[in-house]
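Chain residues, written in single-letter form:
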Amino acid sequence: MDKQPKSEQLSINTATVRQQWKLGQIIDGCARHDIRGISPWRDQVQELGLKETARRIRDNGLTVTGYCRGGMFTGIDDAARKKADDDNRRAVDEALEVRASCLVLVVGGLPNDSKDLPGARNQVRDGLANLLDYSRRMSMPLAIEPLHPMYAADRACVNTLCQANDLCDELGDEGLGIAVDLYHTWWDPEFFPQLERAGKKRILAFHICDWLVPTRDLLLDRGMMGDGVIDIRAARLAVEKLGYEGLHEVEIFSQHDWWQRDPDEVLVTCKQRHLDCC
Ligand code: ZN
């Protein structure tokens, strides 16, 4: 196995340059910089139009490494959870239209005014089971993305690879797996054993960026690969040793740094750091 990744293994999550460019420009930017993968967000797709997005992605021969995003299974009552399920089914349809390799799921945190974290986690399991009824029929894999525990209240109460693996065990891992995002999982003492437990079958996506010290914002201060403390190469070699053959998706929310820069410079930097640090 090569120690250095290949440039064609790079994918760009469109959040990385979304403050500077609209989706059409991002697709053009990927083509211009010879970046072969993309992972678009739903609101951007809606703005450009689903069919038009699918057409442009196809015309440029881009691999869609994930569709962002579905989930948010937790809700204060049945009506809220039903609404989420309806919306998630539409997200599955959209993911199919753009030929995404998976629908990425941010599962939801505590419902408003609730302090029932175990209850929220049960809602996630039940919501996921409902959605699987549909996504399996449609052959769109669902990728549970464990989020760092600092988001347990407001974004996702699945916070570790272990929890995601447990859900795959309980619900079955046909059409269900995990999006491994290093920003969320690098700190976990169980990181490598849980990757092994997941194995090739369950690792559906691999998201990269870096953890800055200090981190100035809980959401919008992710680092460029190489600028922080994550051993990205060790993690990448580990997933590939398990047989992961997907792309390496750069996902950087960076209000005060990368979102302020010339987006062409951002893409050039992503390409170089991918080769040097990943
Ligand atoms: Zn991610």
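In this text the structure is predicted, and so the values were computed from the model without any measurement.

Colleague: So what's going on with the side chain of serine 11? Residues and values would help.
Modeller: Within the secondary structure, serine 11 is located in strand E1 (residues 10-13). Within the local environment of serine 11, its side chain forms a polar contact with the backbone oxygen of glycine 37, the two atoms lying 3.4 Å apart. A distance of 3.2 Å separates a polar atom in the side chain of serine 11 from the backbone nitrogen of isoleucine 38. Other than its neighbours up to four places away in sequence, serine 11 contacts Ile35, Gly37, Ile38, Ser39, Thr65, Leu247, His248, Glu249 and Val250.

Colleague: Can you tell me about the coordination of the zinc ion, naming the residues and giving the values?
Modeller: Tetrahedral coordination by four donors places them ideally at 109.5 degrees to one another around the metal; octahedral coordination by six donors ideally gives 90 or 180 degrees. Within the first shell, the zinc ion binds the protein through Glu145 (OE), Asp181 (OD), His207 (ND1) and Glu251 (OE), at distances of 2.0 to 2.2 Å. One chain supplies every donor to the zinc ion, and in sequence these donors are spaced E-x35-D-x25-H-x43-E. On the criterion of sequence distance, the pair formed by aspartate 181 in strand E7 (residues 176-181) and glutamate 251 in the loop between strand E9 (248-250) and helix H10 (263-277) is long-range, its members being 70 residues apart.

Colleague: I'd love a proper account of the nonpolar core, names of residues and values included.
Modeller: Counting residues in hydrophobic clusters, the biggest one holds 73 residues, and the most contacted among them are Ile38, Leu128, Leu142, Ile144, Val180 and Leu182. The element that contributes the greatest number of residues to this core is helix H5 (residues 117-138), accounting for six residues. Once you skip the residues sitting within four places of it in the chain, leucine 142 turns out to touch Val92, Leu103, Leu105, Leu128, Leu131, Leu132, Ser135, Gly175, Leu176, Gly177 and Leu204. In this structure, Ala15, Leu220, Phe253 and Trp259 belong to the second largest nonpolar core, which totals six residues.

Colleague: Requested: an account of the sheet that holds strand E2 (residues 37-39), with residues and values cited.
Modeller: Strand order across the open sheet formed by nine strands is E3-E2-E1-E9-E8-E7-E6-E5-E4, with parallel pairing between neighbours. Every other strand in the sheet has two partners, leaving strand E3 (63-64) and strand E4 (67-71) as the edge strands with one partner each. As judged from the two bridges shared by E2 and E3, these two strands associate in the parallel manner. For glycine 37, the partnering residue across the bridge sits in E3 and is threonine 63. Helix-sheet contacts for helix H1 (residues 23-32) involve E1 and E2, and the interaxial angle to E2 is about 160 degrees. Docked against the sheet, H5 engages strand E5 (103-106), strand E6 (142-144) and E7, running at close to 150 degrees with respect to E6.

Colleague: I'd like to hear about the side chain of asparagine 13, residue by residue, with values.
Modeller: For asparagine 13, the position within the fold is in strand E1. The exposure class assigned to asparagine 13 is buried, which follows from its relative accessible area of 0%. A polar atom in the side chain of asparagine 13 sits 2.7 Å from the side chain of tryptophan 41. Apart from the residues lying within four places of it in its own chain, the contact partners of asparagine 13 are Ser39, Trp41, Cys68, Glu249, Val250 and Glu251.

Colleague: Tell me what's going on with the packing of aromatic side chains, and back it up with residues and numbers.
Modeller: Tallied over the full model, the rule gives six aromatic pairs. Within the aromatic cluster, the residues linked to one another by ring pairs are Trp41, Phe253 and Trp259. Over the aromatic face of phenylalanine 253 sits the side chain of arginine 222, whose NZ or CZ is 4.3 Å from the ring centroid. The ring centre of tryptophan 258 lies 3.7 Å from the NZ or CZ of arginine 261, which sits over that ring.

Colleague: Can you explain the pattern of salt bridges? Please cite residues and give values.
Modeller: Scanning all chains against the criterion turns up 31 salt bridges. Residues arginine 197 and aspartate 166 are paired through a salt bridge, measuring 2.7 Å at the closest nitrogen-oxygen approach. Here arginine 197, found in helix H8 (residues 191-202), pairs with aspartate 166, found in helix H6 (residues 161-171); they are 31 residues apart in sequence, far enough to count as distant. For aspartate 166, a relative accessible area of 38% corresponds to the partly exposed category. In this structure, aspartate 173 engages arginine 202 in a salt bridge whose closest nitrogen and oxygen atoms are separated by 2.9 Å. Separated by 29 residues along the polypeptide, aspartate 173 in the loop between H6 and E7 and arginine 202 in helix H8 bring together distant segments of the chain. Linked by salt bridges that have partners in common, Asp166, Asp169, Asp173, Glu174, Arg197, Lys201 and Arg202 make up one network.

Analysis parameters
Residues numbered from 1 in each chain as written. Predicted model: local features only at pLDDT ≥ 70, side-chain atom pairs only at ≥ 80, totals over all residues. Heavy atoms only, no water. Helix = DSSP H or I, 4+ residues; strand = E, 2+ residues; numbered from the N terminus. Polar contact = N/O pair within 3.5 Å; in protein donor to acceptor, adjacent residues only side chain to side chain. Contact = heavy atoms within 4.5 Å. Donors = N, O, S within 2.8 Å, 3.2 Å for Na, K, Ca; no water. Core = buried A, V, L, I, M, F, W, Y, C linked by side-chain atoms within 4.5 Å. Buried < 20%, exposed > 50% of the residue type's maximum accessible area, 1.4 Å probe, protein only. Pairing = 2+ DSSP bridges. Axes fitted to C-alpha atoms, helices over the stretch in contact; angles between N-to-C directions. Phe/Tyr/Trp six-rings, centres within 6.5 Å; stacked < 30°, edge-to-face > 60°. Lys NZ or Arg CZ within 6 Å of the ring centre and 35° of its normal. Salt bridge = Lys/Arg side-chain N within 4 Å of Asp/Glu carboxyl O.

So yeah, pure geometry; function would need other evidence.
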